[in-house]
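What follows is the residue order along each chain.
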Amino acid sequence: MIVIFGATGDLTRRKLIPALQNLFLKGKLKDRVVCLARKKYSRLEFLETLQTDRLIGEVSYSEEFLKLISYHFTDFSSPNIDYLKSVLTTDEEVTFYLAVGPELFQPITDIIRQLNLGRKKIVFEKPFGNDLESATRLNRCISKTFKEKEIYRIDHYLGKEMVQNILVFRFANSIFEHIWNSNFIKKVEIIISEEIGVEQRSDYYDKAGALRDMMQNHLLQLLALTAMSSPVSMKADDIRDEVADILRKVKTREITVAQYNSYRKEVNKLDSETETYVSLTLDIEDDKWREVPFVLTTGKKLAKRFAEINLIMKDVSCKLFSSDNKDQNIPNMISLKIQPNEGIIIKFNAKIPGTDMELQQVKMEFCHKCEFGPNTPEAYESLLQDIIEGDQTLFTRWDSVEASWRIIDPIIEKKNELSFYKEGSEVNL
Ligand SMILES: NC(=O)c1ccc[n+]([C@@H]2O[C@H](COP(=O)([O-])OP(=O)(O)OC[C@H]3O[C@@H](n4cnc5c(N)ncnc54)[C@H](OP(=O)(O)O)[C@@H]3O)[C@@H](O)[C@H]2O)c1
């Protein structure tokens, strides 16, 4: 049985239910899905809201899938435990999915403790805590009811196909495995650039900012997958040991924070100091990455929506193609494209046809969609399948959450004065 807390919310309607239907159609979901939220819908009214959402996307839910779904309204702040016990009674394994704001994580964990069910898993959406102290408090609370192997902390970036490909690309290809270190790499850039602003999330966002909303989770997880050493096996805990190990070695070198010009008006708070853009230069205190800057950048209302990891290679040692006034060697670059067009691009120098020895940067491209077709599962579908199958590899373990907050907390404390940027700016302000 899957129990969704917060079933009328945006995440459930837009991501979770469509992903569950896809898993059902592939024969990977057989469990019933119990939906809980505060709105006083009947089951039929709830299903109608789902159908309306889905029809906007011109795909409707299958009748067979909808038969798995029930809906019960309840207020998680003052729940009727006896009623919930009657609804949720089962011998099956139960997966509790907390698709609610973080303020409800603790009350809902209390509800689950009182339900006293046998085999269980719990899934948390980000953000897991607001700083190290609150994350530790929350973790202590859930540890009373759940063991670490029952806890799935979602970072939906890790469900993206190209992010999972990072490990394959690095460790299944000798041409890359050997150059993946400071002997060959000059600099690493990790970028998540968004076109949208804060939209309807201003209350949450103004308290969080880009450091908590994006950097503490998505960008640091991408850094860990890019920089971690080879795990001894592909078992979840072996991979997560390496992730936590690399995060514990991160040191901050430079911080830039900024806010887009219309932000204060948009959130109706004229003195807001919340950063909508952040760029961090980080060092990793590890022989493998000595003196290689990792520049992590994310921002809202920028020119383009894209996410990528760029490895800029060191210059060639012998500059045969440089004349007195012109260095023709442009550093090689490996670019892992995470969205919107997934793939890998390698940029290198080639001779321009003709009698002169002139160089130009050219590229070789692996286009994921061209090779494997357009139907890559959405991140939430992959992650839900992993939860059903009990595979924790792509979920953040507590030690890595802790290590990430240890990086972010001091940055929040000492962040420099904000600068301001024009909407539609390029990612390098
Ligand atoms: N939306 C996304 O794309 C997205 C992406 C990544 C992460 N997340 C994370 O996912 C979580 C949920 O986000 P969301 O966008 O879906 O939020 P949302 O649209 O505000 O939905 C919140 C849900 O919680 C329910 N709820 C709130 N207080 C309740 C209470 N006291 N008792 C019972 N139900 C209550 C609401 O029920 P009623 O409507 O019935 O009141 C609603 O179903 C957040 O932690 C967010 O950071 C969301």
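Parameters at a glance
- Residues numbered from 1 in each chain as written.
- Predicted model: local features only at pLDDT ≥ 70, side-chain atom pairs only at ≥ 80, totals over all residues.
- Heavy atoms only, no water.
- Phe/Tyr/Trp six-rings, centres within 6.5 Å; stacked < 30°, edge-to-face > 60°.
- Helix = DSSP H or I, 4+ residues; strand = E, 2+ residues; numbered from the N terminus.
- Buried < 20%, exposed > 50% of the residue type's maximum accessible area, 1.4 Å probe, protein only.
- Lys NZ or Arg CZ within 6 Å of the ring centre and 35° of its normal.
- Axes fitted to C-alpha atoms, helices over the stretch in contact; angles between N-to-C directions.
- Left-handed = near helix turned anticlockwise from the far one by under 90°.
- Contact = heavy atoms within 4.5 Å.
- Nonpolar A, V, L, I, M, F, W, Y, C, P; charged D, E, K, R; others polar.
- Domains from an automatic or database assignment.
- Buried area = accessible area lost by both parts, 1.4 Å probe.
- Parallel < 35°, antiparallel > 145°, perpendicular 65-115°, else oblique.

(A) Just the packing of aromatic side chains, in detail. As enumerated under the stated definition, the model contains 18 aromatic pairs in all. Seen from their ring centres, F169 and W180 are 6.0 Å apart, and the 80° between their planes marks the pair as edge-to-face. Of the two residues, F169 sits in helix α7 (residues 161–171) while W180 sits in the loop between α8 (174–177) and β7 (185–193), which places them 11 residues apart along the sequence. By relative accessible area, which is 8% here, F169 ends up buried. Within the aromatic cluster, the residues linked to one another by ring pairs are Y205, Y260, Y263, Y277 and Y421. A cation over a ring is seen here: K120 above F146, with NZ or CZ 5.4 Å from the ring centre. In this structure, K160 packs its charged tip against the face of Y157, placed 4.9 Å from the ring centre.

(B) Looking closely at the packing of helix α1 (residues 10–25) against helix α13 (residues 379–389). Contact pair α1 / α13: the axes reach a minimum separation of 9 Å and the direction vectors enclose 65°. Where α1 crosses over α13, the two elements pack in a sense that is right-handed. For the pair formed by α1 and α13, the contact residues are L11, K15, L16, A19, L20, N22 and L23 on the first element and Y380, E381, L384, Q385 and I388 on the second. Tallied by class, residues from the contact of α1 with α13 come to 8 nonpolar, 2 polar and 2 charged.

(C) Quick peek at the domain arrangement of the chain. Domain assignment breaks the chain into domain 1 (2–125) and domain 2 (158–421). For domain 1 and domain 2, the distance between their C-alpha centres works out to 33 Å. The interface of domain 1 with domain 2 comprises 15 residues on the first partner and 9 residues on the second. Overall, the association of domain 1 and domain 2 removes approximately 1100 Å² of surface from exposure, summing both partners, and the carbon and sulfur fraction of that is 67%. Taken as a group, L23, K28 and K121 account for 35% of the area that domain 1 buries against domain 2, more than any other trio of residues on that side.

(D) Representation of the packing of helix α5 (residues 105–115) against helix α6 (residues 132–143). The contact between α5 and α6 brings their axes to 10 Å, and the two run at 10°. The orientation of α5 with respect to α6, classified from their angle, is roughly parallel. Taking contact as the criterion, the partners of F105, Q106 and T109 in α5 are, on α6, L138, C141 and I142. Classifying every residue of the contact of α5 with α6 by side-chain character gives 4 nonpolar, 2 polar and no charged.

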